[in-house]
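Letter by letter, the chains look like this.
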Amino acid sequence: MSERIDQRRAGVERAPAWLVVASAVALAAVIGAQIFGFRTSPPDMAMGDLQKIMYVHVPAAWNAFLAFFVVFWASVVYLWRRTERADLLAASAAEVGAVFTGLTLLLGSIWGRPTWGVWWTWDARLTSTAVLFIIFVGYLALRSFTDDPDRRGRWSAAVGIFGALNVPIVYMSVRWWRTLHQVQSTPETLSPAYRAALRLNGLAFLLLLIVFIAWRYRAARIERRAELVAEEAALQGSGLHV
Amino acid sequence: MKGRRGVLIVGTVLVLSGFGYLVWGGLGSNIVYFLTPTELLAKGSAAYEAPVRLGGQVVAGSIDWDPGALDLRFQLSDGTSSLEVRSKGAPPAMFKDTMGVVVEGTLNRAGVFESTNLMVRHSNEYTAPPEGHRPVDTYQTLIREEDDG
C-alpha cells in the first residue's frame, strides 16, 4: 500500500495493461516465428542451414531502419513545434534503433564468417552500417551530456535527422558501389520455402520494436518528470520529500 | 553562449558538407571495393606487387585443390579477362565453380595473383533443394571432390 503512495508521489504510474500484454505477445511472436522458420525451411542449396540466420539478421536491419524513420519524423516535429513528447519519442526510437543496428552488425558478422570467410570487411555496406551505428551511439552520448532540455532537444534533433539521412545510403550502398555484401533479395530470388518465415519474423521483430520504443518512451517521460521535480525542489531550496 | 552556438553551426555545416562530398561528390564513384581482372591488367606495370582486392567468378573446372598442402589454384574471371589465383589454406565451404569471390593480395611478376585472403561473394538467391536432394551434395563440393579422389 505505502509503495503505491510513494510511486504516486514520484509521479510514476503502473505500466499500462496494454503494454504488458503487447510485450508478452511480441515475445511469443518472436519465439513462434523462429520455431516456424526452423521447422519449415529446408537447407539452402548454396549455404545449407546457415540460411536461417536470415530470420534474425534481416528483421533486425529492417526494423532498425524503421526506428530511424521514427527518429527522423519525431525530430522534425520537435524542431517545428518544440513539443517535449516528440523529443522523448525521438530519443526512445534512437536508442532502440541503435540496439537493432548493433544486432544487425553482430548477426551479420556471425553469418559472414562461415559464408564469406571473414567476420568483417570494409565494403560500402558494412562501413556505412557501422557509421550509422556510431552516429546513434553518439546521439545517445550527446543526450546524456547535455543537461538543458531545450539545448538537448535541439542538438539531438539535428543529429537524429542527420543520422536518419544515412538510412537510404546504407540501403542503396549495395547497388551504388561494389560490395562483398550481396544486393537485397527480392521475392523472385527468395525461394517460396523461405518467404513466409522471413515475413513472419519481420512482423514479430516489428512488434518487438514497437513495445521496446513504448517502454523506453515511458521511462523517458518518467525521467523527465523526475528532472522537473528535482529542478522545482532545488528552486525552493528544500529537499525532495516536500 | 553565442560563441558555442556559432561553433555548433560551423561544425554541423562542416560535417554535413564533408559527408555530402563523400557520398554524392567525386569520391562516390571512386570507392571501389575490388577491381576486376580487366581493370587490374589495364594498369599495366603498376598492377604488379601492389596490394589490391580482385573480384570475379571462379572459372568452371579451373579449381586445383591440394588438400595435403592446403594449396589452392583457380582461374578468376570477369567474363572478359581472367587471372590465375593462388591461395593458401582452406577456402570457405561455399567456394566452388562459378561462385563469386574477392581475393586480397598482390599480382606477382609471373602474372599469378598471390592471395592472402579469400572471400566468397554469393548472390542474393536462396533456393530450396528439389525433392529428395541431399543439400550436403551441393554445398560441400570441395570436400566431396576430395573423397572422390
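Since we're looking at a predicted model, the values are computed, not measured.

(A) Up close: the overall build of chain B. On a plain count of helices and strands, chain B comes out with four helices and six strands. When the elements of chain B are put in sequence order from the N terminus, they spell out α-α-β-β-β-β-β-β-α-α. For chain B, the share of sequence-separated contacts (at least 6 apart) that also reach a separation of at least 24 residues comes to 50%. If you sum the accessible surface of chain B, you get close to 8,400 Å²; carbon and sulfur atoms cover 56% of it.

(B) Local environment of the overall build of chain A. Along the backbone of chain A there are eight helices and zero strands. Each of the three principal axes of chain A carries a C-alpha extent, and together these read 70 × 40 × 30 Å. Expressed as a percentage of its 242 residues, the buried residues of chain A come to 46%. Total accessible area on chain A stands at roughly 12,400 Å², and carbon and sulfur atoms take up 68% of it. Taking the average location of the 24 positive side-chain charges in chain A and that of its 17 negative ones, the two points are 6 Å from each other.

(C) Spatial organisation of the confidence of the model for chain B. Mean pLDDT over chain B: 84, with 79% of residues reaching 70 or higher. Predicted complex, confidence summary: ipTM 0.83, pTM 0.86.

(D) Layout of the layout of surface pockets. Residues and elements named next belong to chain A. If you add up the space inside the largest pocket, you get close to 770 Å³. His57, Val58, Ala61, Arg125 and His181 are the residues nearest the centre of the largest pocket, which is lined by 37 residues in total. Of all the elements in the fold, those that place two or more residues in the lining of the largest pocket are helix H3 (54–81), helix H4 (84–115), helix H5 (124–145), helix H7 (166–176) and helix H8 (192–236). Ranked by residue count, the leading element in the lining of the largest pocket is H4, at eight residues. Within the lining of the largest pocket, the residues separate by chemical class into 20 nonpolar, 14 polar and three charged.

(E) How the structure looks around the pairing of strand S4 (residues 82–88) of chain B. All names here are of chain B. Of the two faces of S4, the one lined by Leu83, Val85 and Ser87 is fully buried and the one lined by Ser82, Glu84, Arg86 and Lys88 carries no buried residue. Connecting strand S3 (residues 71–77) to the antiparallel partner S4 that follows it, the hairpin turn spans four residues, and glycine 79 within it adopts a positive phi of roughly 100 degrees. Across four bridges, S4 lies against strand S6 (residues 112–121) in parallel orientation. Bridge pairing links glutamate 84 to valine 112 in S6.

(F) Highlighting the pattern of salt bridges. Under the definition given, this model contains 13 salt bridges over all chains. A salt bridge links glutamate 227 of chain A to arginine 224 of chain A, with the shortest nitrogen-to-oxygen separation between them at 2.4 Å. Of this pair, glutamate 227 of chain A and arginine 224 of chain A both sit in helix H8, three residues apart, which is roughly one turn of the helix. For glutamate 227 of chain A, a relative accessible area of 29% puts it in the partly exposed group. Given a relative accessible area of 9%, arginine 224 of chain A falls into the buried group. Beyond isolated ion pairs, a larger network of salt bridges with shared partners links Asp71, Arg73, Glu84, Arg86 and Lys88 of chain B.

(G) Expanded view of the interface of chain A and chain B. With 38 residues of chain A at the interface, the matching set in chain B holds 41 residues. Surface buried jointly by chain A and chain B totals about 3,400 Å² across both partners, of which 63% is contributed by carbon and sulfur atoms. The interface formed by chain A and chain B includes one salt bridge. Residue glutamate 39 of chain B pairs with arginine 178 of chain A through a salt bridge whose shortest N-O separation is 2.7 Å. At the boundary of chain A with chain B, the tally comes to 14 residue pairs in polar contact (both at pLDDT 80 or more). Sorting the residues of the side of chain A that touches chain B by element identifies H4, helix H6 (149–164), H7 and H8 of chain A as the ones contributing at least two each. Among the elements that take part in the side of chain A that touches chain B, H6 of chain A stands out by supplying four residues, more than any other. A breakdown of the residues in the side of chain A that touches chain B according to their chemical character gives 21 nonpolar, 12 polar and five charged.

(H) Layout of the nonpolar core. Core analysis: the biggest nonpolar cluster contains 67 residues, and Phe136 of chain A together with Leu40 and Phe74 of chain B have the highest contact counts within it. Here the element with the most residues in this core is H3 of chain A; it accounts for 11 residues. Setting aside anything within four residues of it in sequence, one finds phenylalanine 74 of chain B in contact with Val58, Ser62, Ile63, Leu83, Glu84, Val85, Phe95, Val101, Val103 and Leu118 of chain B. Among the nonpolar cores identified, the runner-up in size contains eight residues, and Leu126 and Leu180 of chain A together with Tyr33 and Val102 of chain B belong to it.

(I) Layout of the packing of aromatic side chains. The final tally for this structure, using the stated rule, is 10 aromatic pairs over all chains. Of the aromatic side chains, those joined through ring pairs into one cluster are Phe68, Phe136 and Tyr139 of chain A.

(J) Main features of the packing of H4 of chain A against H8 of chain A. All names here are of chain A. At a closest axis distance of 8 Å, the pairing of H4 and H8 adopts a crossing angle of 135 degrees. In terms of orientation, H4 and H8 fall into the oblique class. For the pair H4 and H8, the sense of crossing is right-handed. Along its contact with H4, which presents Glu84, Arg85, Leu88, Leu89, Ser92, Ala93, Glu95, Val96 and Phe100, the element H8 presents Phe205, Leu209, Phe212, Ile213, Arg216, Tyr217, Ala220, Arg221 and Arg224. When its residues are assigned to classes, the contact of H4 with H8 shows 11 nonpolar, one polar and six charged.

Rules used throughout
Residues numbered from 1 in each chain as written. Chains lettered and ligands numbered in written order. Predicted model: local features only at pLDDT ≥ 70, side-chain atom pairs only at ≥ 80, totals over all residues. Heavy atoms only, no water. Helix = DSSP H or I, 4+ residues; strand = E, 2+ residues; numbered from the N terminus. Contact = heavy atoms within 4.5 Å. Areas by Shrake-Rupley, 256 points an atom, 1.4 Å probe, with all protein chains shown as cover. Buried < 20%, exposed > 50% of the residue type's maximum accessible area, 1.4 Å probe, protein only. Lys, Arg positive; Asp, Glu negative; His and termini not counted. Charge placed at Lys NZ, Arg CZ, Asp CG, Glu CD. pLDDT = per-residue confidence, 0-100. 1 Å grid on protein atoms, 1.4 Å probe; cavity = no way out; pocket = protein on both sides within 12 Å on 5 of 7 lines; lining within 4 Å. Points joined across faces, edges and corners; volume = space filled by probe spheres on them. Nonpolar A, V, L, I, M, F, W, Y, C, P; charged D, E, K, R; others polar. Pairing = 2+ DSSP bridges. Salt bridge = Lys/Arg side-chain N within 4 Å of Asp/Glu carboxyl O. Buried area = accessible area lost by both parts, 1.4 Å probe. Polar contact = N/O pair within 3.5 Å; in protein donor to acceptor, adjacent residues only side chain to side chain. Core = buried A, V, L, I, M, F, W, Y, C linked by side-chain atoms within 4.5 Å. Phe/Tyr/Trp six-rings, centres within 6.5 Å; stacked < 30°, edge-to-face > 60°. Axes fitted to C-alpha atoms, helices over the stretch in contact; angles between N-to-C directions. Parallel < 35°, antiparallel > 145°, perpendicular 65-115°, else oblique. Left-handed = near helix turned anticlockwise from the far one by under 90°.

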